[in-house]
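Summary of the model geometry
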Amino acid sequence: MSTREWINERRSAMARLELLQGAVMSELNGWQQPLHYGDGASELKMLRESVGIHDLSPRGAVRLVGEDAVSLETGLFSGQKELAVGQARECRIAAENETVSLLELRLARDEFIFLTAPGDAETVTEFLRSPPASCVHTIDISSGLAGAGIVGPQATFLLSMITELDVSSEAFPSLRCVQSRFADVPGLLVRQDAVTGPAYQLYFTREYGEYIWEVITQAAHHIGGGPVGTEAIKRLQDGC
Amino acid sequence: MNRVGRNIAQPGEIIDRSAAVEFKSDGRTIRAQQGDTILSALYAAGITTFSRSFKYHRPRGLLCAAGHCPNCLVTVDGEPNVRACIRPVAPGMKVQHQNAWPSLRWDFLSILDRFHWLMPVGFYYKALHRPKLLWLLARGAIRRVGGLGSIDIERVPETKFHHRSQHADVAVVGGGPAGMAAALAAADQGSQIVLIDDQPHLGGHLRFDQQTYDSVPGYQGKTGVDIARAMAQSVAESDSIEVMSDATVFGLYQDKLLSILAGDWRVTLRAKRVVIATGAHEVPLIFENNDLPGIMLASAARRLVGLYGIRPGANAVVATNTELGYQTALELLDAGVNVAAIVDANLESPKPGLSATVSARGIRVLQGHRLVKATGRGQVKGVLVAPVDGSLQSRPERIPCDLVCMSGGYQPVDALLQQAGGRLSFNAKIGESVPTHLPSGIYAAGDVMGTHGLATQLTQGRLAGSSTAGDWNSSVPAADANDTVVQTADSVAAANALVSGAQDDSRSFLCFCEDVTAKDVTFAIDEGFEDIQTLKRYTTVSMGPCQGKMCGKSLAAICADYTRRSIDEIGATTSRPPYQPVPLAALSGPSHMPLKRSPMDRLHRELGASMVESGLWQRPLDYGSAQDEAIAVRQRVGIIDVSTLGKLDVQGADAPALLDLLYTNTFSDLGVGRVRYGLMCSDNGAILDDGTVTRLAQDRFFVTTTSGNADMIEDWFNWWMSGAGPCVHVTNVTGAYGAVNVAGPLAREALSKLTDIDLDPDKFRYMRSRQGQVAGVPCLLIRIGFVGEAGWELHFASEHGEYLWESITEAGREFGISSFGLEAQRILRLEKGHIIVGQDTDSTSNPLETRSEWAVHLNKADFIGRGGITGAAERGIKQKLVGFIMESGLVPEDGVPIISEGRPVGRVTSARLSPTLGKGFGLAWVPSHLAEEGANIEVLISDYEQTASVTLRPVYDPDGVRLRS
């Protein structure tokens, strides 16, 4: 084997379309991610006034499933009350030298998903490792999911263009999750509002990445929004 | 003064007289006002003929002016069948007439009207069918002559329609007084309401109603226009009411799901409660030449006057059986139209005070009379009037006129009520079908309930709106003839009398859409079509663009009168969505196809691959030459994207038991790191799927399925999981892992450049797996050989797909690596005799027939399909899947028959040209007695039988030496 150092670029399922849409890519957390689409100021404006969509595929996702999932989860997050099905919560775990932030979703009686920052899935998988005798399993499904963040005052309206679910603030407030069909393919929707307004995360199987991205960018364009890069998201979060 | 034209300003008009808009109609420049519809602009410009009729090409003018009838269908900027009466004008738009040549005025095909006696209803079922050639010619001619505009196939329409869904506590359909009252009352209860109205402004019929209402609580002394404005203002000020104007509810489905077309949006609205306040249509009268331009519904004339400030004619006759006719006459008079007479079918005036008023203003009232005939060519010039009592012996009186306003009572717009599951019954007191039962959560108010008095409409609306806040069942108060309705028992009788006189005449049109006359209907009844449903289908009445809005009530009335049955006995035709015509583009919405793409999709396209759809996946068929690619694999090394394989992660202590249950072979004895082919059958023993199973750990397996079956097999696993034990979990990881197969005599050399894993044949044997890094990427390597060469299937996290593909092709460059596609893979696997489930098998093929008995372990515990397989064995195997090699160089197509003694006895499932043999070869189903090595079979190629010999062994590397090397 050659002693060559491998330079590995991870790409999301939407990378090809993002490039076609004018994305200026940059390496972030080991992933090629759109920094902006040519005009960061317009993207920030979209996020504030209509809707911006951004690629969440680099995020990690770990599935915890099994009859003993609840007892394991309760043991690991002692002090927290049991999460109801369809609810989500922000939490942290202490890893070796760091604290990892998570978004915990309860999808079913015996099934949880833990969403993490890019690169943290392995740590979380290890954290959730179950005792050998119990019937609970963890699996890192980060690579199988593509994701799109949908942020802005028109985010709810955009979702109404791809799902029949009622995702209004009354019916689907922040920190809720639901599995359903979006633009005719299965997906997982999480609402985690930002200070600036409604914000959703839509996850779907990676092979549908281009399809979903095409559908939601077209929908966003129709209502005055569009794709945004990591720069605009960061500026929004920073309150610029 | 012009006969028609723009009149003085009206209190309820919706045009902006200070803003002009110009557009073209049949090449002529039309100057309109902002707020005009195409029709109102054309009418104001003196154009009163808008279309030619469907069958006889008779000139047709304005009928309803409300978007319900077929009379004003035009083509606008290439879009056919636009209703001119509801499409607003826009600067520069190009309007063209339809269904007339060379012009709307001089239509060559209007000659058909002279020969109408040759084309009675249903003539095409009986005539022109022999000889057969005649029907082919006639059918083409009929299609050419009939129709409603044509689609410009050269035009690429914009995808302008979008879909969205919406939710509400209460949906109110109809923005008239009852609908607005319901919405306001529901809002008072704290509900969120969506109010949907098909007009640009709220108010319904009040928008052009200039009479003063003295007895309506809260609105004493106000005109209809004033009341509409006040209520619309209240609605607009409510934070709880969202108004959807210019929107049509075209379907009401289960669980109160409404389909709405609102401009460029198709909205699916799910509401907890629905109030239907859709109003009523005015019914046209039936008399000879009742379709002449200049003859319109009274409400249409009122709309022209009240909304657009247009004087619809100079000299009018109003024919009616309700007080609405009297009101219309007064409004026409106010608009400067001379009213020559009111022809009232009632023997006595429905409202004596009103009768006195019109008489006082000099309008002649002919009580107990009806219209017999309209005269004129291309425009009404006069009417013949006769008594309704049948005393036609007296000569009908001719009254000259250029405008006839007809008002034959009401037909409630009950389509949505029917679709919601409401039951309706004919109320003889008011002459209308009204709801007698409404499903839970559905409410109705206003004209649709047979309630035509404004005060009661408002009360009913408020009641419905208030009721939506509770869990009360809908109440259906009976329509009260004494208080709420305009029609009386006498007027109903009068209406029936109006119908009965028209049945002998062949130019009295009942259905304006399909050119069906009253006589056509009686003709069809005489032929035996007495049932309203079959009568509808045979005559096509109510099957045109209006969907029965103009003709439904009259059809039932004629049928009842002619067959001497009651209207309740006749019943009504069924209302189905769409209630209003909807463009197909609106239903389809934006053009998106949910296709799956592999992580290397972009690279395949860059490499010039011909992409094909394989199930939902986009896959490379080839990169130029499948034969060259196949040869490269046989001689050097090839790489193929197999990311499309279904992949399941099966974990748990009970995982081995589940796999043993689902597969025909055994996996509980599979060692960790080993790989086994798996065959899966359905309950009846038919092959369901196949793939490989790799044991990653004692309690963890990696399962692959065929590309198209991943989701189905995941469901199959979950379905049977309960029978395997409590602790097993399946995760579909198809998208999580990209996969490539690197195969060929130099595959080892190429891959060895990228990994520390020892690929030596003795260290990494056939049907074994290893986990390690390739080009720095964590991979699962499985040594299998679908294409018949030494090769490795690499599975890796999808995000590394492009990188890994490029790394492998770069490493393999010195070994002549070639990308190969689906077609080359098909050739190579065929040479090895490997089946593709679904291609070489069908829904009845069992493993004994495919000669896969080696993969069936009957000595293990029960498994799915065991009974089917053993049963098939007991019954005897009648056909088998075998290989064949053509004697000639010909290659049969997939699916061609195998012939024996002149009869088809089997079929080819897959056939290709073998690069190894240089001959055509493949797999075929043959009778068991022919499934012998070397047996001759005949394959039908281009109608000639060609000899092939059966082979039971792979045509390439039959002993698997290269595979294991």
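Model, not experiment: these values are computed from the prediction.

Further remarks concern the overall build of chain B. Secondary structure summary: chain B contains 25 helices and 51 strands in total. Since a compact globule built from 965 residues should have a radius of gyration of about 30 Å, the 38 Å found for chain B marks it as more spread out than a globular shape. Along the first, second and third principal axes, the C-alpha set of chain B runs to 115 × 70 × 55 Å. The buried share of chain B, taken over its 965 residues, is 54%.

What follows deals with the overall build of chain A. In terms of helices and strands, chain A carries seven helices and 14 strands. Relative to the globule expectation of 18 Å for 240 residues, the C-alpha radius of gyration of chain A, 18 Å, shows essentially globular dimensions. With respect to the principal axes defined by its C-alpha atoms, chain A has extents near 60 × 55 × 35 Å. Across the 240 residues in chain A, those meeting the buried criterion constitute 50%.

All right, on to unusual backbone geometry then. Generally, phi is negative for residues other than glycine and the peptide bonds are trans, each holding for most cases. Residues and elements named next belong to chain B. Look at the link from Trp 101 to Pro 102: it is a cis peptide, with omega at 5°. Following Pro 577, the chain continues to Pro 578 via a peptide bond in cis, the omega torsion being 0°. Looking at the secondary structure, you find Pro 578 in the loop between helix H15 (567–570) and helix H16 (584–588). Here the phi dihedral of Ala 65 falls at roughly 60°; this positive angle occurs in a residue that is not glycine.

Another point: the packing of helix H12 (residues 518–526) of chain B against helix H13 (residues 532–539) of chain B. Residues and elements named next belong to chain B. Two elements in contact, H12 and H13, have axes separated by 10 Å at closest approach and are oriented at 120°. As the angle between them shows, H12 and H13 are arranged oblique. In this structure, H12 crosses over H13, and the sense of that crossing is right-handed. Residues Asp 520, Val 521, Ala 524 and Ile 525 of H12 lie in contact with H13, whose contacting residues are Leu 535, Tyr 538 and Thr 539. In terms of residue class, the contact of H12 with H13 is made up of five nonpolar, one polar and one charged.

What follows deals with the sheet that holds strand E43 (residues 777–782) of chain B. Residue and element names in this part refer to chain B. Spatially, six strands are ordered E42-E43-E44-E41-E35-E45 in an open sheet, and the strand pairing comes out mixed. Edge positions in the sheet fall to strand E42 (769–774) and strand E45 (818–819), since each has one partner strand and no second. In this fold helix H18 (residues 626–635) packs onto strand E35 (638–641), strand E41 (737–743) and E45, with an angle of close to 120° to the strand it touches most, E35. Sitting on the sheet, helix H22 (residues 801–812) is in contact with E35, E41, E42, E43 and strand E44 (791–797), with an inclination near 15° to E41.

Residues and elements named next belong to chain A. Taken domain by domain, chain A consists of domain 1 (10–57 + 144–238) and domain 2 (60–142). Its C-alpha centre places domain 1 at a distance of 24 Å from the equivalent point of domain 2. Counting residues at the interface gives 12 residues for domain 1 and 12 residues for domain 2. Among the elements that take part in the side of domain 1 that touches domain 2, strand E11 (residues 176–182) stands out by supplying four residues, more than any other.

As a further point, take the interface of chain B and chain A. Taken residue by residue, the interface counts 41 residues in chain B and 39 residues in chain A. Contributing elements (two or more residues each) for the side of chain B that touches chain A: strand E9 (162–173), helix H17 (601–606), strand E36 (646–651), strand E40 (729–732) and H22 of chain B. Looking at the side of chain B that touches chain A element by element, the count peaks at six residues for E9(B).

All right, on to the sheet that holds strand E37 (residues 675–681) of chain B then. Residue and element names in this part refer to chain B. The five strands lie next to each other as E37-E38-E39-E36-E40, forming an open sheet whose pairing is antiparallel. Looking at strand neighbours, the two that pair on one side only are E37 and E40, the edges of this open sheet. Put simply, the sheet's adjacent strands are angled 30° from each other on average, direction ignored. With four bridges connecting them, E36 and E40 associate as antiparallel partners. Across the sheet, residue Leu 648 finds its bridge partner in E40, namely Asn 732. Taken strand by strand, helix H19 (residues 655–662) contacts E36, E37, strand E38 (687–697) and strand E39 (700–705), and its axis lies near 135° from that of E36.

Right, let's get into the pairing of strand E15 (residues 257–262) of chain B. All names here are of chain B. Relative to E15, strand E14 (residues 247–253) runs antiparallel, the two sharing six bridges. Looking at the pairing, Val 249 lines up with Ile 260 of E15. In textbook terms, the turn of a hairpin is the stretch between consecutive antiparallel strands, and for E14 and E15 this stretch comprises three residues, one of which, Asp 255, has a positive phi near 60°. In the sheet, E15 pairs with strand E16 (residues 265–276) via six bridges, with the strands oriented antiparallel. Bridge pairing in E16 links Leu 258 to Leu 269.

Bringing the confidence of the model for chain B into the picture now. Do not read the predicted coordinates in detail wherever pLDDT is low. Per-residue confidence for chain B averages 91 on the pLDDT scale, and 95% of its residues sit at or above 70. Across the interface, the model reports ipTM at 0.92; the global pTM reads 0.87.

Basis of the calculations
Along each chain, residue indices are assigned from 1 in the same order as the chain's sequence is written. Whichever chain is written first becomes A and whichever ligand is written first becomes 1, with later ones labelled in order. It should be noted that, the model being predicted, local features are given only for residues of pLDDT at least 70 and side-chain atom pairs only at 80 or more, the latter also being counted only at that level, while totals for whole chains, interfaces and linings use all residues. Only DSSP runs of H or I covering at least 4 residues are called helices, and only runs of E covering at least 2 are called strands; the numbering of each starts at the N terminus. Values of the radius of gyration come from C-alpha atoms, whereas the globule rule sets the reference at 2.2 Å times the count of residues to the power 0.38. Residue burial is a threshold on neighbouring C-beta atoms within 10 Å of the residue's own C-beta, all placed from the backbone, with 20 or more meaning buried, 12 or fewer meaning exposed, and counts in between meaning partly exposed. With axes taken as lines fitted to C-alpha atoms, and helix axes fitted only over the stretch in contact, angles between N-to-C directions fall between 0 and 180 degrees. Orientation labels follow simple angle bins: below 35 degrees gives roughly parallel, above 145 gives roughly antiparallel, 65 to 115 gives roughly perpendicular, and whatever is left gives oblique. A crossing counts as left-handed when the near helix is turned anticlockwise from the far one by less than a right angle, and as right-handed when that turn is clockwise. Distance between backbone-placed C-beta atoms decides contact: two residues are in contact if it is within 7 Å. Throughout this entry, Asp, Glu, Lys and Arg are counted as charged residues, while Ala, Val, Leu, Ile, Met, Phe, Trp, Tyr, Cys and Pro are counted as nonpolar. The remaining residues, Gly among them, count as polar. For two strands to count as paired, DSSP must find a minimum of two bridges between them. As used throughout, domain bounds are those supplied by an automatic or database domain assignment. pLDDT: the predictor's confidence for each residue, scored from 0 to 100.

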